[in-house]
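Spelled out from the first residue to the last, the chains are:
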Amino acid sequence: MSRKVLVTGGAGYIGSHVTVELIQAGYDVVVADNMSNCDMTCLEGARKVTGRDDIPFYRIDCCNPDSVRKIFKEHRIDALIHFAAFKAVGESVNSPLKYYRNNLDSFMSVLSAAAENGGCNVLFSSSATVYGEADKQPVTEQSPRKPATSPYGATKQMCEDILQDTVKAGIGIKGMALRYFNPVGAHPSALLGELPRGVPNNLIPYVTQTAIGKRECLSIFGNDYPTPDGTCLRDFIDVVDLAKAHVAAVGRMIDGKMKEDYEIFNIGTGRPVSVLEIVKTFEKVNGLKLNYRFAGRRAGDIMAIWADPSLANEELGWKASRSLEDTLKSAWAWELHLAGKNE
Ligand code: UD1
């Protein structure tokens, strides 16, 4: 019998890629999204890529428990993956209550609905941000969680705790948190990808928008860090690789292969890449010149963070495989697609 996964936030950047990979791995997927930070582009893209026009879609706000309950009434859900949350670090600093209210309410209402329904496997979309400014690189799942540097980061930590406590209560919920490093790139079909509203905060959309002329110049925030080229180091994980980690994780949960009822995995490549290296590689693989300049450090940035992904490699049987070159080509193909230039 086919197994069904509820993907909250499934019309968004990561959620839509996960939807594609789950369907291609033979799962049925139900998508819930309130469309507060996306339009139908990525879900339509997912439908095209999978050839499944019938992916059930609920336009609901997950903060409303009744709306989530309705989905559990109408579908037998084997696992749920929770993406439905706000994600802009800077905005969270200016509007903390908006972030705490939405991100915590949404997760708690989803968990309540799952518990009332007799339990469920719950995968939470967490972030490397929970490690804060780590003392040692690469970070393992055992690295201590440092105080969050933003309300956004605090909601990720709190949701991990809420999940762990809910699992401990023994009400039928098994939980997993995947801590993503920096998700980048787009689907190789160029039919789905990152769709930031307004001026992008994240590096790759800023790079692609500069390359296409939507932005005048990319600022590289800081070239005086004590790193090999002076710019920050990150672990850029391809979004399709990341989506495949979810397929492996969901399989482990549904097949009863978890070693603990609550598990945590780092999802990254294990390879630190500098911001300047991103710019140079982007230029090289796409055969273009990017207008960029060095600017001052960005407040709140950490110098370097990258994953030790060996636990996920061993336990999930998953490994990042797409090259940085292919990832950056896909990001550019997506930007061209958005501009209608590669049809
Ligand atoms: C942030 C979040 C992370 C989240 C990720 C989403 C924190 C501390 N970080 O990571 O949780 O998962 O976004 O992708 O909560 N940069 C530039 N110029 C730009 C934009 C960025 O030089 O125009 C540099 C930044 O200084 C940084 C690197 O690029 O060194 C990556 O920045 P960004 O894409 O914003 O991600 P993070 O801040 O690492």
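Described below are features of the structure shown in this document. These numbers were taken from a predicted model, which means no experiment stands behind them.

## Examining the nonpolar core
- Core analysis: the largest hydrophobic core is formed by 38 residues, its most contacted members being Leu22 and Ile267.
- The leading source of residues in this core is helix H8 (residues 239-254), at nine residues.
- Sequence-distant contacts of leucine 22, defined by excluding residues within four places in its chain, comprise Val5, Val7, Tyr27, Val29, Ile81 and Val247.

## So, empty space enclosed by the protein
- Going through the model one piece at a time under the given rule, you end up with one cavity of 30 Å³ or more.
- Each pocket or cavity is described by its volume, and for the largest cavity that value is around 30 Å³.
- Ala85, Asn103, Phe124, Thr155, Lys156 and Cys159 together form the lining of the largest cavity.
- Counted by class, the lining of the largest cavity contains three nonpolar, two polar and one charged residues.

## Side note on the site of the ligand
- Not every one of the 20 residues close to the ligand is listed here, only the nearest: Thr129, Leu203, Ser219, Arg234 and Asp301.
- At a separation of 3.0 Å, an oxygen atom of the ligand approaches a polar side-chain atom of asparagine 182.
- The separation between an oxygen atom of the ligand and a polar main-chain atom of phenylalanine 221 is 2.9 Å.
- When residues of the shell around the ligand are traced back to their parent elements, those giving at least two are strand S7 (182-184), helix H7 (203-212) and strand S8 (218-221).
- Among the elements that line the shell around the ligand, the one with the most residues is S8, at four residues.

## Considerations on unusual backbone geometry
- The omega angle of the peptide bond from glutamine 137 to proline 138 is -10°, so this bond is cis rather than trans.
- Note on placement: proline 138 falls in the loop between strand S5 (120-127) and helix H6 (151-168).
- With a phi close to 60°, methionine 35 is a non-glycine residue in the positive phi region.
- Even without being glycine, alanine 190 reaches a positive phi, approximately 60°.

Calculation rules
Residues numbered from 1 in each chain as written. Predicted model: local features only at pLDDT ≥ 70, side-chain atom pairs only at ≥ 80, totals over all residues. Heavy atoms only, no water. Core = buried A, V, L, I, M, F, W, Y, C linked by side-chain atoms within 4.5 Å. Buried < 20%, exposed > 50% of the residue type's maximum accessible area, 1.4 Å probe, protein only. Helix = DSSP H or I, 4+ residues; strand = E, 2+ residues; numbered from the N terminus. Contact = heavy atoms within 4.5 Å. 1 Å grid on protein atoms, 1.4 Å probe; cavity = no way out; pocket = protein on both sides within 12 Å on 5 of 7 lines; lining within 4 Å. Points joined across faces, edges and corners; volume = space filled by probe spheres on them. Nonpolar A, V, L, I, M, F, W, Y, C, P; charged D, E, K, R; others polar. Near = heavy atom within 4 Å. Polar contact = N/O pair within 3.5 Å; in protein donor to acceptor, adjacent residues only side chain to side chain.

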